[in-house]
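Descriptive analysis of the structure
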Amino acid sequence: MILLISGTTHTGKTLLAQQLLEKTGWPYLSMDHLKMGLIRSGMTDLTPQDDDTLTDFLWPILREIIKTAIENRQNLILEGCYVPFDWRKEFTADYLRDIHDLWLVMSSDYIRTHLRAIEAHGCDIEQRLENHVDPDSLIQENRKILAGCRENGCTYFLIDQAYPMDLADQTLNQIRKEER
């Protein structure tokens, strides 16, 4: 089983992946780790700020990691923002049976109301060099993610009132429903 966790910055992707690792034992791969390994090793001239180009660069690698894990009947969580909305077109039905996606999206109201908490939790799992959040940019990015999810049939969780403390359990329940 493969779980793709995606969304924009500060939505809790890495925290959810870590919680799922602790609950299930399924390993996870941070797309940011892969990105930085390729950048720091000189395998690409891209920089961490080249988000759109990085998706085009990283996705073929991630796609083949997914296929290899499925072929070997291994569970894997891939988390990060480098998943294209139309990711399904890259897989046959045999592969798609084993892939689930979850995009974390924050509503504009949630961002406006909880901005300080969003920043405060920005380093729960990873130590960010820059943890300041521009609310207008974050709102714009989350709207873009929501629109892309709706247009492409991606599974998303809208964080609107309060951040769900049981998101890992909700995610596992959703996967079980989809697998029936």
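Okay, so let's go over this structure. (Residues numbered from 1 in each chain as written. Predicted model: local features only at pLDDT ≥ 70, side-chain atom pairs only at ≥ 80, totals over all residues. Heavy atoms only, no water.)

1. Some points on helix α6 (residues 135–152)
Because each turn of an α-helix spans 3.6 residues, side chains separated by three or four positions end up pointing in the same direction. Heads up, the condition is: By definition, any uninterrupted DSSP run of H or I lasting at least four residues is a helix, any uninterrupted run of E lasting at least two residues is a strand, and each is numbered from the N terminus. Multiplying one less than the number of residues by 1.5 Å gives the expected span of a helix. Throughout, exposure labels follow a simple rule: accessible area from a 1.4 Å probe, protein chains only, divided by the maximum for the residue type, with under 20% read as buried, over 50% as exposed, and the rest as partly exposed. In what follows, residue pairs with any heavy atoms lying within 4.5 Å of each other are defined as contacts.
Taking 1.5 Å per residue as the helical rise, α6 with its 18 residues ought to reach 26 Å, and the 26 Å between its terminal C-alpha atoms agrees with that figure. Looking at α6, one finds that the buried residues are Leu 138, Ile 139, Asn 142, Ile 145, Leu 146, Gly 148 and Cys 149. Looking at the buried positions of α6, the neighbouring elements they touch are β1 (2–7), β4 (99–106), α5 (108–120) and β5 (156–159). Where α6 terminates, the next one or two residues include Gly 153, which has phi positive at roughly 70°.

2. A look at the state of the cysteines
Condition: When the sulfur atoms of two cysteines come within 2.5 Å, that pair is taken as a disulfide.
With the rule as written, the count across this model stands at 0 disulfides. Just so you know, Cys 149 is unpaired, no disulfide at all, and the nearest cysteine sulfur is the one on Cys 154, 4.7 Å from it. Residue classification places Cys 154 among the buried residues on the basis of a relative accessible area of 6%.

3. Side note on the pattern of salt bridges
Between side chains of opposite charge, a pair can form when the charged atoms approach closely. The test is simple: Note on definitions: salt bridges are taken to be side-chain nitrogens of Lys or Arg within 4 Å of carboxyl oxygens of Asp or Glu.
One pass over the structure, following the stated rule, counts 9 salt bridges. In this structure, the salt-bridge partner of Asp 32 is Lys 35, at a minimum N-O distance of 3.3 Å. Of the two residues, Asp 32 and Lys 35 are both situated in helix α2 (residues 31–40); the distance of 3 residues between them amounts to about one turn of the helix. Note that Lys 67 and Glu 64 form a salt bridge whose closest N and O atoms lie 3.5 Å from each other. You can see Lys 67 and its partner Glu 64 sitting in helix α3 (residues 51–71), 3 residues apart, about one turn around the helix. Here Glu 64 falls in the partly exposed class, since its relative accessible area comes to 34%.

4. Observations regarding a negative patch on the surface
Put simply, the rule reads: Patches here: salt-bridge-free residues with over 30% relative accessible area, like charges joined within 9 Å, nonpolar side chains (Val, Leu, Ile, Met, Phe, Trp, Tyr) joined within 5 Å. To be clear on the numbers: accessible area is Shrake-Rupley with a 1.4 Å probe, and residue cover counts the displayed protein chains and nothing else. Note that His is not counted, nor are the chain ends; the positive residues are Lys and Arg, and the negative ones are Asp and Glu. By convention, the charge on Lys lies at NZ, on Arg at CZ, on Asp at CG and on Glu at CD.
A contiguous patch of negative charge, built from Asp 51, Asp 52, Asp 56 and Glu 141, is present on the exposed surface. In terms of residue count, the dominant contributor to the negative patch is α3 (3 residues). Its place among the elements puts Asp 52 in helix α3. Classification of Asp 52 by relative accessible area gives exposed; the value is 59%.

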